[in-house]
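Overview (structure and organization)
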Amino acid sequence: MIPFVDLKKQYLNIKTDIDNAIQEVINASAFVGSRSNRFVKIFEDSFAEYLGIKHCISCANGTDAIEIILKAMGISRGDEVIVPSHTWISTAEAVGNIGAIPIFVDTLPDFYTIDVKKIEAQITSRTRAIIPVHLYGQPADMDEIMDIASRHKLFVIEDCAQSHGALYKGKITGTMGHAATFSFFPTKNLGSFGDAGAIVTNNDEFATYSRMYSVHGQIEKNKHITEGRNSRLDGLQAAILSAKLPYLEKWNNCRREKAQLYFEYLKDTPVKLPQARDWSKHVYHLFVLQVENRQGLMDFFKENEVQVMLHYPTILPLLDAYKQRGYSPEQFPVSSTYQPKILSIPMYPEMENDNVKSVAEIIKQFCYK
Ligand SMILES: *Cc1c(COP(=O)(O)O)cnc(C)c1O
């Protein structure tokens, strides 16, 4: 069987680092505690340094990170926030959870990121922010997005849940918007052993608010200036993330090598391969193909014991969650057209090159049988 990802293998490669990190937290009983927890502080500081950004505020997961920064920006009930039609639900759900309205914009056929040419038509007097997603590890068109945002006085939050380490014209994703959010869900390019997330920003006020809001509205111990929430990174996850961070670049390069092999093996086949712009550094969180007979290929993979997945089976506006908005596929002609064709094939840094080749061979057999 060729798995979709193999987290165990990654653990075994750096077992001593991880085991020591976990043991240290247990020895110190430093399980929770925001920045007063030294493991949390160390991770926040090292992640901020890695990105070259002023503040990193850790929290419980990547979805909370989006909610918290939206609150910090003063976005509230009735405000509108622009999000891509094709992404994981968190991007839109976080907007809805603070009472604001996610406004969906179609994506690009080759790159899967938000189509900047379609953003302005959706801007109204209630629009407050844009959340571009660097989907699958590919940076969105940040220059154009920042330009639109400054003309319309909107905030930009980069959703970097899939783009740890990806570069846009030499700049690391997460440092171009007014703030950015990360998820460290176990399978992300930098993943913890549970749920974890962070907000990053150069803006002092957003940072102070986010930190305060994520620990019960406390500005200092027992001084609650508002009702907040409980969204903390725990000590174990922080220590695990600090142990893994030094490997991130290497792992991203391994992903890029696997991608290169897929490109070589599959270049003359009818499947549509992921495209990357020459000015971006794609980090292949996912390797997503487009294929006409997707169900046929999925069945063939199953017969050959290869795990594949769909990211995502439905574009967001067409989910039951947004039924009351009455969207039709024609309003999102690009994403609704490629959605039935997309298929994510195995991709992870520790994947053996032989397995990359086997997956590619199976695709070729399917195409020419
Ligand atoms: C994973 C992910 C998130 C947030 O994930 P959590 O599971 O809440 O940590 C947000 N946006 C995108 C695009 C994601 O892939």
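It should be noted that the structure appears before, not after, this text.
In what follows, the accompanying structure is described. Model, not experiment: these values are computed from the prediction. (Residues numbered from 1 in each chain as written. Predicted model: local features only at pLDDT ≥ 70, side-chain atom pairs only at ≥ 80, totals over all residues. Heavy atoms only, no water.)

**Let's talk about the pairing of strand β4 (residues 127-130)**
Quick note on the threshold: Note on pairing: DSSP must find at least two bridges between two strands before they are called paired. Helical segments are the DSSP runs of H or I of at least four residues, strand segments are the runs of E of at least two, and each set is numbered from the N terminus. The crossover handedness rule: strands pointing away from the viewer, path from first strand over the helix to second strand clockwise, crossover right-handed.
Relative to β4, strand β2 (residues 80-84) runs parallel, the two being bridged by three bridges. Looking at β4, one finds that Glu80 is bridged to Thr127. Where β4 lies against strand β5 (residues 155-159), two bridges are found, and the strand directions are parallel. Bridging across to β5, Ile130 finds its partner in Val156. As a crossover connection, the stretch from β4 through helix α6 (residues 142-152) into β5 is right-handed.

**Remarks on the sheet that holds strand β8 (residues 179-183)**
For the record, the criterion: Note on geometry: axes are lines fitted to C-alpha atoms, helical ones only across the stretch in contact, with angles between N-to-C directions running from 0 to 180 degrees. Contact definition: two residues touch when any of their heavy atoms are within 4.5 Å.
The mixed open sheet is built from seven strands, whose spatial order is β1-β9-β8-β5-β4-β2-β3. The sheet terminates laterally at β1 (55-59) and β3 (101-105), the two strands that pair on one side only. Strand-to-strand, the axes of this sheet are offset by a mean angle of 25°, without reference to chain direction. Here five bridges tie β1 to strand β9 (residues 197-201), and the two strands are oriented antiparallel to one another. Across the sheet, the residue bridging to Cys59 is Gly197, located in β9. Contacting β4 and β5, α6 runs over the sheet at an angle of about 150° to β5. Along the sheet, helix α7 (residues 204-214) makes contact with β1, β5 and β9, crossing β1 at roughly 20°.

**Considerations on unusual backbone geometry**
Residue Tyr312 follows His311 across a cis peptide bond; omega there is 15°. On the secondary structure map, Tyr312 appears in the loop between α10 (294-303) and α11 (333-338). Phi angles above zero are rare outside glycine, and Tyr136 is one such case at about 65°. Inspection of the secondary structure assignment puts Tyr136 in the loop between β4 and α6.

**Quick notes on the packing of aromatic side chains**
Going by this rule: Any two rings among Phe, Tyr and Trp, with Trp reduced to its six-membered ring, count as a pair given centres within 6.5 Å; such a pair is stacked if its planes are under 30 degrees apart, edge-to-face if over 60, and tilted if neither. Classification of residues uses two cut-offs on accessible area relative to the type maximum, computed with a 1.4 Å probe and protein chains only: under 20% is buried, over 50% is exposed, and between them is partly exposed. For a Lys NZ or an Arg CZ to count as sitting over a ring, it must be within 6 Å of the ring centre and within 35 degrees of the ring normal.
Applying the stated criterion across every chain, the model contains 22 aromatic pairs. Measuring from ring centre to ring centre gives 5.4 Å for Phe155 and Phe206, while their planes differ by 90°; the resulting arrangement is edge-to-face. Placement of Phe155 in strand β5 and of Phe206 in helix α7 is noted, with a sequence separation of 51 residues between them. The class for Phe206 is buried, based on a relative accessible area of 7%. For the pair Tyr168 and Trp279, a centre-to-centre distance of 5.1 Å together with 70° between the ring planes defines the contact as edge-to-face. Within this pair, whereas Tyr168 is found in strand β6 (residues 167-168), its partner Trp279 is found in the loop between α9 (248-266) and β12 (280-281), the two being separated by 111 residues in sequence. The class for Tyr168 is buried, based on a relative accessible area of 1%. Among the residues examined, Trp279 registers a relative accessible area of 31% and is labelled partly exposed. Grouping aromatic residues by their ring pairs yields a cluster made of Phe43, Phe47, Tyr50, Phe182 and Phe184. Just above the ring of Trp279 sits the side chain of Lys169; from NZ or CZ to the centre is 5.3 Å. A cation over an aromatic ring shows up here: Arg277 above the ring of Phe111, its NZ or CZ 3.8 Å from the ring centre.

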